[in-house]
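Now for the letters of each chain:
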Amino acid sequence: MPSLDPEPRTMDPVAVVFRTRLFWRLFASYVAIPALVACALGFLAANRLRAVRYEALQRSLYEESRLIYSLIAEDLKAKRPEHARQKLAALCSCVGCRLTLIDDEGHVIADSEADPSTMENHRLRPEIVQAAAEGEGSSIRFSHTLQEQMLYLAHRAEEPDAGIVYMRLAIPLAQVTTGLRIFDASIAAGVVAAVLLAALASAWLAWRQAATVLELGRTAQAVAAGDLNARTFLHGGEAGVLGVALNTLAQSLAESKAQAARARDELLGILESMSEGVIVTDHERRIVLANATAATMLDFSSSQVSGKMLWEVIRETQVLQEAESAANSATRKLVRCGPIRGRFVGVTISPLSRQQGALGLLLVAHDTTEAVQFQELRKEFVANVSHELRTPLTLIKGFVETLHDGALHDPQKGPEYLTIIEKHVAQLTNLVNDLLELSRLESRPSVPHRARISLVDLIRKVADLMQPAAQKKRQALSIMLPPVLPVVSGDADYLERAVSNLLDNAIKYTPENGSIRVSAEAVNSKIVIEVADNGIGIPPADLPRIFERFYRVDKSRSREMGGTGLGLAIVKHIAQVHGGSVEVESQQGKGSVFRVVLPVA
Ligand code: ADP
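Residues numbered from 1 in each chain as written. Predicted model: local features only at pLDDT ≥ 70, side-chain atom pairs only at ≥ 80, totals over all residues. Heavy atoms only, no water.

### Overview of the overall build of the protein chain
- Helix and strand counts for the protein chain stand at 14 helices and 19 strands.
- The globule rule puts the C-alpha radius of gyration for 601 residues at 25 Å, and the 65 Å found for the protein chain is more than 25% above it.
- With the C-alpha coordinates of the protein chain rotated into their principal frame, the extents come out at 205 × 60 × 40 Å.
- By the burial criterion, 41% of the 601 residues in the protein chain qualify as buried.
- The long-range share in the protein chain, meaning contacts at least 24 apart out of those at least 6 apart in sequence, stands at 58%.
- With the model as given, the accessible surface of the protein chain reaches about 32,900 Å², and the carbon-plus-sulfur share is 58%.
- Taking the average place of the 65 positive charges on the side chains of the protein chain and the average place of its 68 negative ones, the gap between the two points comes to 6 Å. (Helix = DSSP H or I, 4+ residues; strand = E, 2+ residues; numbered from the N terminus. Rg over C-alpha atoms; globule rule 2.2 N^0.38 Å. Buried < 20%, exposed > 50% of the residue type's maximum accessible area, 1.4 Å probe, protein only. Contact = heavy atoms within 4.5 Å. Areas by Shrake-Rupley, 256 points an atom, 1.4 Å probe, with all protein chains shown as cover. Lys, Arg positive; Asp, Glu negative; His and termini not counted. Charge placed at Lys NZ, Arg CZ, Asp CG, Glu CD.)

If you want it as structure tokens, here you go:
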């Protein structure tokens, strides 16, 4: 039997009613069987005892009857019925019974209480009929003589001289049953005591069991309602085992719930840290979860979207249409949308597992801005290259045709046209070389042949190479370098190319007699190479785009100078692959300063 802590929790009225009802139900079922068994046993015992007692009483009355007959047998033999009658009267008061002597004809020979001459024939009395047949007979009937229910017992006796006689003994039934009632009463008392004991034991058992069921039910209900800290206080017995099992169940439920919460937190953490936007919907297109990236990409407020319909949150109609189509066809769909807040977004819509015949959806949004921009740049680049190639090619074609048409033999125009063709071929060669260089730089994220480079020597070498071009325009190209500079780690060819591009531009875009200065200095563990000129300068509007491929302030002037529009883009890439950067300051009509900043090795 489990033991219970006394009222471990306060009882609410409903619980009290429940326990009372349960108690009475259990009590009724517990007490019914022992009570019925006790009553049945009592009844059977009373009947059996009554029968035994009755039989014993009958036997003793037969004995008495025989004894009495033996006392009067002599009188019968001597034919003294009066004597016999007197004796019977005397014996009657001794034994407390009415005594009757009857001959075989049924005539009453003597009677202890009545005059035989007034008595009717007794031969057909049931006890006499039975005694005539079996030797002994008995019957219970109402005596009209004594006006009460009587027990009659008779036995047959045979005397050689007197013939067959019947000795009958009659006793009021009440006298017999009084003795038997005492037995009934004591058995009834026993039964009542047994039922009371059973009731007491049943009440105790029912109360304990009702309390146990209530305790188990209360804990199970609390656990079902989500209170996973609820525990039973049952110890020992089968209910105790059940209580421990319930506690273990609640404990493991709590652990599973905590584990599920941890897993969900981890999943949400992963989702939140993803660069892709993720939205999960159920089969009704109701949002189950959505991360912040999805909210940013698809431009909705990330707070409280869970539980809302997809169409309430997302404004992109194409996404909504494709979501329906993906769910209906159970196939993956890709939607490209945007710009949303200036960004392009690709949304992959995948159907999830089937729920009630409909499909949940997984929407993954990814930022395709770079891809779109790259695509745009590629188109622009192809268009630019085609354009850059077409112009000199058209010119070359035109001059070649003119030469074919006879100009070749013209002593003045022939060489002049050939010079123009040569110039444009050189232009094309420059363009192709620059394109190759740029493509090499863009395809490699780092410097191919890294070495420790002294920039003082490198700049001096490039400046010396550029001197003739500057002198041609009577420009003063000055070099201002400190005796020593920290070395940089990089590719000498690339760095030479960068400095040479900047000096080439300075010479190109500075009028005759202008001045150009190339210098370098170490500033905060960086080396700054500066190329300054007092040339035409760059308009402020063009400055931000000056490093873009093919961007030129004045296309015809650039082409005239043999420029390709790729020089500065190449400088920018060279600076970047060395971990550095390039910047420009310029004033239109006053000159420009280009700076390449490189990290010290
Ligand atoms: P290009 O081959 O045309 O010189 P770049 O990429 O080297 O191409 O330069 C891009 C444009 O920047 C030039 O066309 C020119 O308009 C401008 N630019 C470059 N350097 C200078 C400079 N030192 N002074 C003025 N404008 C310059």
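Anyway, onward from the coordinates.
### Examining the site of the ligand
- The environment of the ligand is formed by 21 residues, the closest being Asn-505, Ser-558, Thr-564, Gly-565 and Leu-568.
- One nitrogen or oxygen atom from the main chain of Gly-567 is found 3.2 Å from an oxygen atom belonging to the ligand.
- Protein chains bury 98% of the 520 Å² of accessible surface belonging to the ligand in isolation.
- For the shell around the ligand, the secondary structure elements donating two or more residues are helix 12 (492-508), helix 14 (567-577) and strand 19 (591-599).
- The greatest single-element share of the shell around the ligand, amounting to three residues, is contributed by helix 12.
- Partitioned by chemical class, the residues of the shell around the ligand number 10 nonpolar, eight polar and three charged. (Near = heavy atom within 4 Å. Polar contact = N/O pair within 3.5 Å; in protein donor to acceptor, adjacent residues only side chain to side chain. Nonpolar A, V, L, I, M, F, W, Y, C, P; charged D, E, K, R; others polar.)

### What to know about the sheet that holds strand 6 (residues 163-172)
- If you walk across this open sheet you meet the five strands as 3-2-6-5-4, and the pairing is antiparallel. Bordering the open sheet on either side are strand 3 (108-111) and strand 4 (136-143), each of which pairs with just one other strand. Taken pair by pair, the neighbouring strands of this sheet meet at an average axis angle of 25°, ignoring direction.
- Examined bridge by bridge, strand 5 (residues 148-159) and strand 6 share 10 bridges and lie antiparallel to one another. Bridged to Leu-153 within strand 6 is Leu-169.
- In the packing of helix 2 (residues 81-95) onto the sheet, the strands contacted are strand 2 (98-103), strand 3 and strand 6, and the crossing angle to strand 3 comes to about 40°. (Pairing = 2+ DSSP bridges. Axes fitted to C-alpha atoms, helices over the stretch in contact; angles between N-to-C directions.)

### Thoughts on the side chain of Arg-218
- Tracing the chain through its elements places Arg-218 in helix 4 (residues 173-224).
- Within the structure, Arg-218 has its side chain in polar contact with the side chain of Glu-215 (distance 3.2 Å).

### Some remarks on the packing of aromatic side chains
- Overall, the coordinates contain six aromatic pairs when judged by the stated rule.
- On the numbers, 5.6 Å between centres and 85° between planes, the contact of Trp-24 with Phe-27 is edge-to-face. Of the two residues, Trp-24 and Phe-27 are both situated in helix 1 (residues 13-77); the distance of three residues between them amounts to about one turn of the helix.
- Seen in terms of ring centroids, Phe-547 and Phe-594 are 6.3 Å apart; in terms of plane orientation they differ by 80°. Their pairing is edge-to-face. Of this pair, Phe-547 sits in the loop between strand 17 (526-533) and helix 13 (555-560) while Phe-594 sits in strand 19, and the two are 47 residues apart along the sequence.
- Of the residues examined, Phe-547 reaches a relative accessible area of 13% and is grouped as buried.
- Among the aromatic residues, those joined into a ring-pair cluster are Phe-23, Trp-24 and Phe-27.
- Residue placement shows Arg-141 over the ring face of Tyr-152; its charged tip is 4.1 Å from the ring centre. (Phe/Tyr/Trp six-rings, centres within 6.5 Å; stacked < 30°, edge-to-face > 60°. Lys NZ or Arg CZ within 6 Å of the ring centre and 35° of its normal.)

### Some details on empty space enclosed by the protein
- The final tally for this structure, using the stated rule, is one cavity of 30 Å³ or more.
- When its volume is computed, the largest cavity comes out at roughly 30 Å³.
- As for the largest cavity, its lining consists of Glu-388, Pro-392, Gln-427, Leu-428, Leu-431, Arg-552, Gly-563 and Thr-564.
- Looking at the lining of the largest cavity, the elements with two or more residues in it are helix 9 (369-404) and helix 10 (413-443).
- Counted by class, the lining of the largest cavity contains three nonpolar, three polar and two charged residues. (1 Å grid on protein atoms, 1.4 Å probe; cavity = no way out; pocket = protein on both sides within 12 Å on 5 of 7 lines; lining within 4 Å. Points joined across faces, edges and corners; volume = space filled by probe spheres on them.)

### Notes on helix 5 (residues 237-273)
- Over its 37 residues, helix 5 runs 53 Å from end to end, which matches the ideal 54 Å to within 8%, given 1.5 Å per residue.
- Within the sequence span of helix 5, burial applies to Ala-239, Gly-240, Gly-243, Leu-246, Asn-247, Ala-250 and Leu-271.
- Turning to helix 5, the residues buried within the fold contact helix 4, strand 7 (234-235), strand 8 (277-281) and strand 9 (287-290). (Expected span 1.5 Å × (residues − 1).)

### Concerning the pairing of strand 19
- Of all nine residues making up strand 19, eight are buried, and the element is well covered by its neighbours.
- Here strand 17 runs beside strand 19; their pairing, made up of eight bridges, is antiparallel. For Ala-532, the partnering residue across the bridge sits in strand 19 and is Val-593.
- By the bridge criterion, seven bridges tie strand 18 (residues 581-587) to strand 19 in an arrangement that is antiparallel. Residue pairing across strands places Glu-583 opposite Arg-595, the latter belonging to strand 19.
- What sits between the antiparallel neighbours strand 18 and strand 19 is a turn of three residues, in which Gly-589 has the positive phi angle 85°.

### Examining the sheet that holds strand 17
- Strand order in the open sheet formed by five strands is 14-16-17-19-18, and the pairing between neighbours is mixed. Whereas interior strands pair on both sides, the edge strands pair on one side only; in this sheet they are strand 14 (476-480) and strand 18. With strand direction ignored, the average angle separating the axes of adjacent strands in the sheet is 15°.
- With respect to the sheet, helix 12 is in contact with strand 14, strand 16 (515-523), strand 17 and strand 19, its orientation differing from that of strand 17 by roughly 25°.

### Re the nonpolar core
- Grouped together as the largest cluster of nonpolar side chains are 50 residues, with contacts concentrated most on Leu-455, Ile-459, Leu-495, Leu-503, Ile-529 and Val-596.
- If you list the elements that add at least two residues to this core, you get helix 10, helix 11 (455-472), helix 12, strand 16, strand 17, helix 14, strand 18 and strand 19.
- Discounting chain neighbours no more than four positions away, the residues touching Ile-459 are Leu-481, Val-499, Val-518, Ala-520 and Ile-529. (Core = buried A, V, L, I, M, F, W, Y, C linked by side-chain atoms within 4.5 Å.)

### Thoughts on the pattern of salt bridges
- Applying the stated rule across the entire model yields 33 salt bridges.
- Here Asp-75 ties to Arg-80 by a salt bridge, and the two come within 2.9 Å at their closest N and O atoms.
- Judged by relative accessible area, Arg-80 falls into the partly exposed class, the value being 35%.
- Between Arg-218 and Glu-215 there is a salt bridge, with its nearest N and O atoms 3.2 Å apart. (Salt bridge = Lys/Arg side-chain N within 4 Å of Asp/Glu carboxyl O.)

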